[in-house]
Every structure is written in structure tokens, then in C-alpha cells.
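# Structural overview
Listed below are the residues making up each chain.
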Amino acid sequence: MQLSHADNGIFEMGEAEEAQAVDFFQWLESLEPKLGVPLTPYADGLDLTRAELAKRMPR
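Let me begin by describing the structure that accompanies this report. (Residues numbered from 1 in each chain as written. Predicted model: local features only at pLDDT ≥ 70, side-chain atom pairs only at ≥ 80, totals over all residues. Heavy atoms only, no water.)

## Description of the overall build of the protein
Helices and strands together make up the secondary structure of the protein, namely 3 helices and 0 strands. For the protein, the α and β elements follow one another from N to C terminus as α-α-α. A total of 59 residues make up the protein; the buried ones form 31% of that total. Here the analysis covers contacts within the protein between residues at least 6 apart in sequence; of these, 47% occur between residues at least 24 apart. Carbon together with sulfur atoms contributes 54% to the accessible area of the protein, which is approximately 4400 Å² in total. (Helix = DSSP H or I, 4+ residues; strand = E, 2+ residues; numbered from the N terminus. Buried < 20%, exposed > 50% of the residue type's maximum accessible area, 1.4 Å probe, protein only. Contact = heavy atoms within 4.5 Å. Areas by Shrake-Rupley, 256 points an atom, 1.4 Å probe, with all protein chains shown as cover.)

Okay, structure coming up:
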């Protein structure tokens, strides 16, 4: 997560980080009902796969 998202956000996400990012986002989603706090609005694209990012932001 640090390597793929810290410096350039979602733009440096590679194959290795994609599954981790999506899994982390799903974990955040699972915490919302327990905490009563909306966390996913602040997830900054962690729910997006590399394919979805490529569609939204072609190079």
C-alpha cells in the first residue's frame, strides 16, 4: 500500500498491489457498520482495479 499509493496515489499501482488495495478497501467497508463512521469516502480509489483505472484515466 505504501509503495503503490503514498507518493503518486493510485497511479503507481501494480499487479502485486492491486489485490491488496481491493482487499483493504473491502475491510474498510466491513468496519463502517461496526464503527458507525463512513470510511470508504476517504479511501481514495482503493476500490478501483488497474483495469478500471485504465478506463478512467487512459495514458
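## Comments concerning the packing of aromatic side chains
Applying the stated criterion across every chain, the model contains 1 aromatic pair. Their ring planes at 35 degrees and their centres at 5.7 Å tell us that Phe-24 and Trp-27 sit as a pair that is tilted. One end of the pair, Phe-24, and the other, Trp-27, are both in helix H2 (residues 15-35), 3 residues apart, so they sit about a helical turn from each other. (Phe/Tyr/Trp six-rings, centres within 6.5 Å; stacked < 30°, edge-to-face > 60°.)

## A short note on H2
For H2, with 21 residues, the first-to-last C-alpha span of 31 Å sits near the 30 Å given by 1.5 Å per residue. The set of residues buried in H2 consists of Glu-17, Ala-21, Val-22, Phe-25, Leu-28, Leu-31 and Glu-32. Gly-36 occupies a position one or two residues after H2 and carries a positive phi of about 70 degrees. (Expected span 1.5 Å × (residues − 1).)

## Description of the environment of Pro-41
Structurally, Pro-41 can be placed in the loop between H2 and helix H3 (50-56). Judged by its relative accessible area of 59%, Pro-41 falls in the exposed class. Along the primary structure Pro-41 and Glu-29 are separated by 12 residues, whereas in three dimensions their C-alpha atoms are 9.9 Å apart.

## Regarding the side chain of Glu-32
Examined against the element boundaries, Glu-32 turns out to sit in helix H2. In this structure Glu-32 is buried but unpaired, with Lys-34 as the nearest side chain of opposite charge at 12 Å. At a separation of 2.8 Å, a polar atom in the side chain of Glu-32 contacts the main-chain amide nitrogen of Leu-39. (Lys, Arg positive; Asp, Glu negative; His and termini not counted. Salt bridge = Lys/Arg side-chain N within 4 Å of Asp/Glu carboxyl O. Polar contact = N/O pair within 3.5 Å; in protein donor to acceptor, adjacent residues only side chain to side chain.)

Distances and angles like these do not, on their own, reveal function.
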